[in-house]
Amino acid sequence: QVQLVESGGGSVQPGGSLRLSCAASRSISSMYAMGWYRQAPGKQRELVATLTFTTVGHLNYADSVKGRFTISGDNAKNTVYLQMNSLKPEDTAVYYCNALTRIELRNYWGQGTQVTVSS
């Protein structure tokens, strides 16, 4: 069992920035991967960014957020972050943290945090 708790969401104007945090109950580096997904009203959940914990690491971003969002992890704090810059109204969604465990390859999800971008 992995518990994931997101924080850092809120309301921001276009062009602004937010940093989302995902605190995990286990060492994040022991995971196969962690990532962020988002879901807007009436739309399906979509991938935002993932971080794979290999010897060199691998980052993956949705085309819509490349160059604006950065995923990172702090092993000492068991926390994964999503730095979001140059936010656009279309970024408005509930953002969910995800963890994929090694061996059993089981997915865990956080409760989500709302991000609203509007003027």
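An account of the accompanying structure is given in this report. (Residues numbered from 1 in each chain as written. Predicted model: local features only at pLDDT ≥ 70, side-chain atom pairs only at ≥ 80, totals over all residues. Heavy atoms only, no water.)

### Some words on the packing of aromatic side chains
With the rule as written, the count across this model stands at one aromatic pair. Ring geometry for Tyr-37 versus Trp-109: centroids 5.1 Å apart, planes at 70 degrees, classification edge-to-face. With Tyr-37 in strand β4 (residues 31–39) and Trp-109 in strand β10 (residues 107–109), this residue pair connects regions lying 72 residues apart in the sequence. Over the face of the ring belonging to Trp-109 we find Arg-45, whose NZ or CZ atom lies 4.6 Å from the ring centre. (Phe/Tyr/Trp six-rings, centres within 6.5 Å; stacked < 30°, edge-to-face > 60°. Helix = DSSP H or I, 4+ residues; strand = E, 2+ residues; numbered from the N terminus. Lys NZ or Arg CZ within 6 Å of the ring centre and 35° of its normal.)

### Things to note about the nonpolar core
The tendency in soluble globular proteins is for nonpolar side chains to be buried as a group. Within the largest apolar cluster, 32 residues are counted, with the highest numbers of intra-cluster contacts made by Leu-4, Met-34, Trp-36, Leu-82, Met-84 and Tyr-95. Those elements giving two or more residues to this core turn out to be β3 (18–24), β4, β5 (46–52), β7 (69–74), β8 (79–84), β9 (93–101) and β11 (113–117). Aside from chain neighbours lying at most four places away, what touches Leu-4 is Cys-22, Ala-23, Ala-24, Met-34, Cys-97, Asn-98, Ala-99, Tyr-108, Trp-109, Gly-110 and Gln-111. (Core = buried A, V, L, I, M, F, W, Y, C linked by side-chain atoms within 4.5 Å. Buried < 20%, exposed > 50% of the residue type's maximum accessible area, 1.4 Å probe, protein only. Contact = heavy atoms within 4.5 Å.)

### Looking at the pairing of strand β1 (residues 4–7)
A one-sided burial pattern is seen for β1, the buried positions being Leu-4 and Glu-6 and the unburied ones Val-5 and Ser-7. Taken together, the four bridges between β1 and β3 define a ladder with antiparallel strand orientation. Bridging from a neighbouring strand, Glu-6 pairs with Cys-22 of β3. (Pairing = 2+ DSSP bridges.)

### A few points about the sheet that holds β7
Reading across the sheet, the four strands line up as β1-β3-β8-β7 and stay open at both edges, with antiparallel pairing between neighbours. If you trace the sheet from one side to the other, it starts and ends with β1 and β7, each paired once. Strand-to-strand, the axes of this sheet are offset by a mean angle of 15 degrees, without reference to chain direction. (Axes fitted to C-alpha atoms, helices over the stretch in contact; angles between N-to-C directions.)

### Looking at the pattern of salt bridges
Opposite charge on two side chains allows them to pair when their charged atoms are near. All told, the structure shown has four salt bridges when counted by the stated rule. Arg-68 is the partner of Asp-91 in a salt bridge, and the nearest nitrogen-oxygen pair spans 2.8 Å. Of the two residues, Asp-91 is situated in the loop between β8 and β9 and Arg-68 in the loop between β6 (58–61) and β7; the sequence distance between them amounts to 23 residues. One network of salt bridges, with partners in common, ties together Arg-38, Glu-46, Arg-68 and Asp-91. (Salt bridge = Lys/Arg side-chain N within 4 Å of Asp/Glu carboxyl O.)

### A few points about the pairing of β8
Buried residues dominate β8, accounting for five of its six residues. Note: β3 against β8, six bridges, orientation antiparallel. Residue pairing in the sheet places Leu-20 in a bridge with Leu-82 of β8. As paired elements, β7 and β8 share six bridges and run antiparallel to each other. When the bridges of β8 are listed, Ile-71 appears paired with Leu-82. Remark: four residues form the turn of the hairpin made by β7 and β8, two consecutive strands paired antiparallel; Asn-78 in that turn has positive phi of roughly 50 degrees.

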